[in-house]
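# Notes for the structure review
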Amino acid sequence: MNGFLKEAEKLIKEYKDYVPSHKEVCRILEKEFLTKEDLAKLLNVSSKEDIMLMAKKAQKLTRENFGKVVLLYAPLYIANYCQNGCVYCGFSYSKNYKREKLSFEEIENELEKMKEEGIDSVIILTGEDRINSSFEYIEKACSIATEFMSEVSIEVYPLYEEEYRRLSNIGVVGITIYQETYQKDNYQKLHPFGPKKDFEFRLNAPERALKAGFHEACVGPLLGLSEPRKDVLCAILHAEHLLEKFPKAEISISFPRFRSAGTDFVPSYTVSDREFIKFLVIARLYLPRVGIVLSTRESPLLRDALLDVCITKMSAGSKTTVGGYAKEKDEDAGAQFEVEDRRSVSEVVDVIIKKGLRPEFTNWVKGVKGI
């Protein structure tokens, strides 16, 4: 087991039922840097007053470390073939629906449409199927994307270090990979078959990518699959581990909540808006310079509110279907999950500007020497 997971397990046991008083919360927030024990304690806070105090401090730290910039990006799904039996996912092998894979010409059409809408930072996504979505197919798709976009990242199945190096050499800069849940026993139940069943290989993917030359990595759990506080604690310590090991890299964290994906799966846990906000602000309090990403899984109202507090990167105009930008198709048919915020890129930009923030489409890290 990775060291940070052992540490998280110890903290979870020690502070499982510990709820800090209001005075203790205030004392913790007065600190310049939080300890791991502080982190574990704050995860048990539930009062609105204390969460608001935490949010105020998180907002201050965000402005100090990131200014008023919010980076916008969009996902591009190029294939939905998958060999995994994930019980909660719309792409699961067990789900019977039409599988699709874009041709390279269709990928160009998608990218052109995204560019027309203002997007200049893209994440390439596939299901996990090395036959129908081979590494060579992903590599070519990324090569095409680098001709259109200033920044290209991937959210595909875990690769080997040499494969990440090949992608880095053609201009891919970032990896997003969700562990789904850091609780290994439950992870095995949720992934009954398929290559994704290998917990450790997935967990170590960000390190392989960063070793191979990637500049950015985003990690996190899918909230609702397991006990949320445990997963959030593990994810925050995972991000810290990557920051310590790769101090010149840009490390981000995200806490997507489970959304219906056309399956019969019912999550074991429900994360309320208040608890969700608490998790995000705690991530900022503990890791002041970590990026925090918010997807279109969340409602426009909540996304707009969090812009002022701790978010540094968010998706806009997202389509979670294969070919969803250039083709006219049902936005939910064949989607990996339901999108809550269906606003256009320009509508999201307007909100950001009205809040006194600055929308950006090109990440600062690209082109910086020595990274």
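Scoring rules and cut-offs
Residues numbered from 1 in each chain as written. Predicted model: local features only at pLDDT ≥ 70, side-chain atom pairs only at ≥ 80, totals over all residues. Heavy atoms only, no water. Phe/Tyr/Trp six-rings, centres within 6.5 Å; stacked < 30°, edge-to-face > 60°. Helix = DSSP H or I, 4+ residues; strand = E, 2+ residues; numbered from the N terminus. Buried < 20%, exposed > 50% of the residue type's maximum accessible area, 1.4 Å probe, protein only. Lys NZ or Arg CZ within 6 Å of the ring centre and 35° of its normal. Pairing = 2+ DSSP bridges. Right-handed = clockwise from strand over helix to strand, strands pointing away.

Taking an unreviewed UniProt entry as the reference, the protein chain is identified by name as 2-iminoacetate synthase ThiH belonging to Caldicellulosiruptor morganii.

## Here we look at the packing of aromatic side chains
Summed over the entire model, instances satisfying the criterion amount to 9 aromatic pairs. Ring geometry for Tyr-187 and Phe-199: centres 5.0 Å apart, planes at 85 degrees, overall edge-to-face. Residue Tyr-187 is found in helix α8 (residues 184-190), and its partner Phe-199 is found in helix α9 (residues 199-203); the two are separated by 12 residues along the sequence. Phe-199 carries the same exposure label as Tyr-187, and that label is buried. Across the ring face of Phe-276, the terminal group of Arg-257 is positioned such that the distance to the ring centre comes to 4.4 Å.

## Section: unusual backbone geometry
One non-glycine residue with positive phi stands out, namely Glu-180, at about 75 degrees. Following the sequence through the fold, Glu-180 ends up in the loop between β4 (172-176) and α8. Residue classification places Glu-180 among the buried positions, given a relative accessible area of 10%.

## Notes on the pairing of strand β1 (residues 69-77)
Of all 9 residues making up β1, 8 are buried, and the element is well covered by its neighbours. Pairing of β1 with strand β9 (residues 358-360) involves 3 bridges; the strand directions are parallel. Pairing of Val-70 across the sheet is with Pro-359, part of β9. Bridging between β1 and strand β8 (residues 313-315) involves 3 bridges; their strand directions are parallel.

## Remarks on the pairing of strand β2 (residues 121-125)
In terms of burial, β2 is largely enclosed, as 5 of its 5 residues are buried. Burial along β2 is two-sided: the residues Ser-121, Ile-123 and Leu-125 and Val-122 and Ile-124 are all buried. Summarising the sheet, β1 and β2 pair through 4 bridges and their orientation is parallel. Within β2, the residue paired with Tyr-77 across the bridge is Leu-125. Viewed along the sheet, the connection from β1 through helix α5 (residues 104-116) into β2 turns out right-handed. Bridge count between β2 and strand β3 (residues 151-155): 5 bridges; the pairing is parallel. Note that in β3 the partner of Val-122 across the bridge is Val-152.

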